[in-house]
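Chain and residue survey
So you can see what is in the structure, the chains are spelled out below.
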Amino acid sequence: MAPLLQVKNIKTYYGNICALKGVTFKINQGEIVCLIGANGAGKTTTLKSITGILHPREGSIFFDGEDITNMEPHHIVEKGISMVPEGRHVFSKLTTLENLEMGAFVRKDKTAIQEDIERIFKLFPRLKERSKQSAGTLSGGEQQMLAIARSLMSKPKLLLLDEPSMGLAPILLESIFENVKEINAQGTTVLLVEQNTKSALMIADRGYVLQTGLVSLSGTTKELRESEMVKKTYLGIA
Ligand code: ATP
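Let us look at the structure shown here.

About the cut-offs
Residues numbered from 1 in each chain as written. Predicted model: local features only at pLDDT ≥ 70, side-chain atom pairs only at ≥ 80, totals over all residues. Heavy atoms only, no water. Helix = DSSP H or I, 4+ residues; strand = E, 2+ residues; numbered from the N terminus. Buried < 20%, exposed > 50% of the residue type's maximum accessible area, 1.4 Å probe, protein only. Contact = heavy atoms within 4.5 Å. Polar contact = N/O pair within 3.5 Å; in protein donor to acceptor, adjacent residues only side chain to side chain. Core = buried A, V, L, I, M, F, W, Y, C linked by side-chain atoms within 4.5 Å. Pairing = 2+ DSSP bridges. Axes fitted to C-alpha atoms, helices over the stretch in contact; angles between N-to-C directions. Phe/Tyr/Trp six-rings, centres within 6.5 Å; stacked < 30°, edge-to-face > 60°. Lys NZ or Arg CZ within 6 Å of the ring centre and 35° of its normal.

Mapped onto the elements of the fold, glutamate 194 is located in strand β8 (residues 189–194). Of the residues examined, glutamate 194 reaches a relative accessible area of 0% and is grouped as buried. What glutamate 194 contacts, discounting residues up to four positions off in sequence, is Leu35, Ile36, Gly37, Lys43, Glu163, Pro164, Ser165, Phe177 and Ala200. At 2.9 Å, the side chain of glutamate 194 forms a polar contact with the side chain of serine 165.

Right, dumping it as structure tokens:
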């Protein structure tokens, strides 16, 4: 079967600065794939290229058999890709429930939305308790749950997560990663960008290491955990 997402040799620039120098990777239907790398390696730029916020100058991106390289962001959401950006960005003045309703804006099946909100509340019971509370008053962990939950409201085939563990206490971090596993088990393919390499390599099936705009290593997470380079550079094991 063809991969769900195929990124082929993309080169993405900020003005004259070449941030991605020819990045290639694929994600198969049903997988959790992680993208790891140091600050500035190009992880966020890769996500922005997939979601149409930036268009690569060279290379191509195919999703579900279709060329999305030059598609506009709202069309890409309609095709089934949703991103949870780094730093959450929930609508702080809106309630939890209103944030979830906003997440469904591209959908035409309005009647099914209520059912999905119920399903999401099962996945994140904490959000149900906070449904009438304005999002700005939620804790960091709850805002991260809400940002993920809001993305799920567009019923994506592929969920992109940019550093979901950022700034979270270890206990919350564990529960967010459990949520990601459950979302995947329910049928959503996941691309996880993480600086928390250890956790990412625990939950993903495969991974890619980005180094200054290029994929320097790829493999199953078992292979990556056993790689001397990954151990030394990203896991802090000498
Ligand atoms: P981080 O974890 O710090 O977000 P990252 O791996 O996501 O790192 P990117 O944000 O994709 O890295 O950045 C890749 C490269 O592009 C870096 O060299 C960075 O300095 C550069 N870059 C990122 N955003 C811009 C921008 N708006 N203008 C110019 N250069 C940028």
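Moving on, there is more to tell.
Leu100, Phe124, Ile148, Leu161 and Leu192 are the most contacted members of the largest nonpolar core, which totals 41 residues. Every element with two or more residues in this core is listed here: β3 (32–36), α4 (110–123), α6 (140–152), β7 (158–162), α7 (170–185), β8 and α8 (197–203). Here this core gets six residues from one element, more than from any other, and that element is α6. For isoleucine 148, the residues in contact, after removing those within four places along its chain, are Val84, Phe124, Leu159, Leu161, Ile176 and Ile183. Within the second largest apolar cluster, 26 residues are counted, among which are Leu4, Val23, Ile27 and Ile81.

On the basis of which strands lie adjacent, the open sheet formed by six strands has the order β6-β7-β8-β3-β9-β10 and mixed pairing. Each of the sheet's edge strands pairs with one partner strand only, and the pair in question is β6 (81–84) and β10 (214–220). With direction set aside, neighbouring strand axes in the sheet form an average angle of 15°. The pairing of β3 with β8 spans five bridges and is classified as parallel. Across the sheet, residue isoleucine 36 finds its bridge partner in β8, namely glutamate 194.

What follows covers the packing of aromatic side chains. For the structure on display, the rule yields one aromatic pair. Aromatic pair phenylalanine 25 and tyrosine 208: ring centres 5.4 Å apart, planes at 50°, arrangement tilted. One end of the pair, phenylalanine 25, is in strand β2 (residues 17–27); the other, tyrosine 208, is in strand β9 (residues 206–211), and 183 residues separate them in sequence. The ring of phenylalanine 62 carries lysine 8 above its face, with NZ or CZ at 5.6 Å from the centroid. The ring of tyrosine 13 has arginine 57 lying over it, and the distance from NZ or CZ to the ring centre is 3.8 Å.

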